[in-house]
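Chain by chain, the residues:
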Amino acid sequence: QPHSNSPAKPQPLKIKLHVSIEDIYNAKSKKIRYKRMTPCTHCDGRGTESGGRIEVCPVCGGVGQTVRTERRGPMTIQQMVPCDHCHGTGQIVTNPCKHCNGAGRVVTTEELDIQIPAGAMDGATFVISGKGNYAERSKTIVGDMIILLSVDPNEKFAITNQYDLYTVVDVPILDCITGSKIDVPLFDGKKTTIEVPKFTRDGSVIRVNGLGMPTGYGRGNLLVKVKQKFPKDLSRSEEKTIKELKESKNFK
């Protein structure tokens, strides 16, 4: 079947979408602004001015491709390449539209709200049907959009074990010794309270189930690494108390 009677579906329009860990954590939607090829409104996608017409390319017969022959030493190599005469469309336009130069489509800037899927990760791709480029001189054949997700780094949080949310929290040294409850900041001003057990060592990781990244069927875990916080200075009375503790049996 000739190329002119059956325009090929355009290759997918690829968009790189930058999101934050917070965006994924809260499953937010993101508005993107992008360019794509849409039917020309001046010629209604036909590609011709009034009285113009579309003819089959006489060089490729409407196929859109021609055979290129190359000689490499004793060998002759033939390969199919886009037709130079019709630029691979299989068609020749008489009296082409002055707005789209006969292509029947023009560049349009559009906006779209993208809902970040639950469980999405850095490098993930997903397809949005019908939001890509239109084929030349067609109002019905349109390609897809492929979204490539890129997660920006965060100063306080990281994603580990695929769906776990990891953070480091400073805990005063005495709270690590005696045990305590501390507040761990999350996103949007929210926080969660976790229990630091007695004798928690520096670098210990406390796991809180169900407060990690969305998985599509639930959530991963929140992993809180304890960083023991020492005082920057001591008063005389504080130093005296610590020296007394050093002499007690549990600190020897």
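Preceding this paragraph is the structure being described.
Residues numbered from 1 in each chain as written. Predicted model: local features only at pLDDT ≥ 70, side-chain atom pairs only at ≥ 80, totals over all residues. Heavy atoms only, no water.

A. Region of interest: the overall build of the chain. The helix and strand inventory of the chain stands at three helices and 15 strands. Its C-alpha atoms give the chain principal-axis dimensions of roughly 100 × 55 × 35 Å. The 252 residues of the chain split such that 36% are buried. Across the chain, every contact between residues at least 6 apart in sequence was considered, and the portion connecting residues at least 24 apart equals 64%. (Helix = DSSP H or I, 4+ residues; strand = E, 2+ residues; numbered from the N terminus. Buried < 20%, exposed > 50% of the residue type's maximum accessible area, 1.4 Å probe, protein only. Contact = heavy atoms within 4.5 Å.)

B. Examining the sheet that holds strand 11 (residues 164–172) more closely. The mixed open sheet is built from four strands, whose spatial order is 10-11-15-14. In this open sheet, the two strands that pair with only one neighbour each are strand 10 (157–160) and strand 14 (205–208). When strand polarity is set aside, the average angle formed by the axes of neighbouring strands in this sheet is 35 degrees. (Pairing = 2+ DSSP bridges. Axes fitted to C-alpha atoms, helices over the stretch in contact; angles between N-to-C directions.)

C. Spotlight on the side chain of D144. Its location among the elements puts D144 in the loop between strand 8 (125–128) and strand 9 (145–151). Polar side-chain contacts of D144 include one of 3.2 Å to the side chain of K9. (Polar contact = N/O pair within 3.5 Å; in protein donor to acceptor, adjacent residues only side chain to side chain.)

D. Molecular detail of the sheet that holds strand 8. The sheet built from three strands is open, its strands ordered 1-9-8 with mixed pairing. Lying at the two open borders of the sheet, with one neighbouring strand each, are strand 1 (13–19) and strand 8. For this sheet, the mean inter-axis angle between neighbouring strands, taken without regard to orientation, is 30 degrees.

E. Just the environment of R53, in detail. Inspection of the secondary structure puts R53 in strand 3 (residues 48–56). In sequence terms R53 and P10 are 43 residues apart; their C-alpha atoms lie 23 Å from each other. The residues touching R53, leaving out its near neighbours within four places in the chain, are T48, I92, V93 and T94. A polar atom in the side chain of R53 sits 2.8 Å from the side chain of E55.

F. A look at the pattern of salt bridges. Considering all chains together, one arrives at 12 salt bridges under this definition. Among the ionic pairs, K31 bridges to D113, the shortest N-O distance being 3.2 Å. Residue K31 is found in strand 2 (residues 29–39), and its partner D113 is found in strand 7 (residues 105–115); the two are separated by 82 residues along the sequence. Overall, the relative accessible area of 54% leaves K31 in the exposed class. With its nearest N and O atoms 2.8 Å apart, the salt bridge here joins R53 to E55. Connected through shared salt-bridge partners, R105, E136 and R137 make up one network. (Salt bridge = Lys/Arg side-chain N within 4 Å of Asp/Glu carboxyl O.)

G. Quick look at unusual backbone geometry. Positive phi is not limited to glycine here, since N101 has a value of about 60 degrees. Inspection of the secondary structure puts N101 in the loop between strand 6 (91–96) and strand 7. Phi angles above zero are rare outside glycine, and F199 is one such case at about 60 degrees. In this structure, F199 sits in the loop between strand 13 (191–196) and strand 14.

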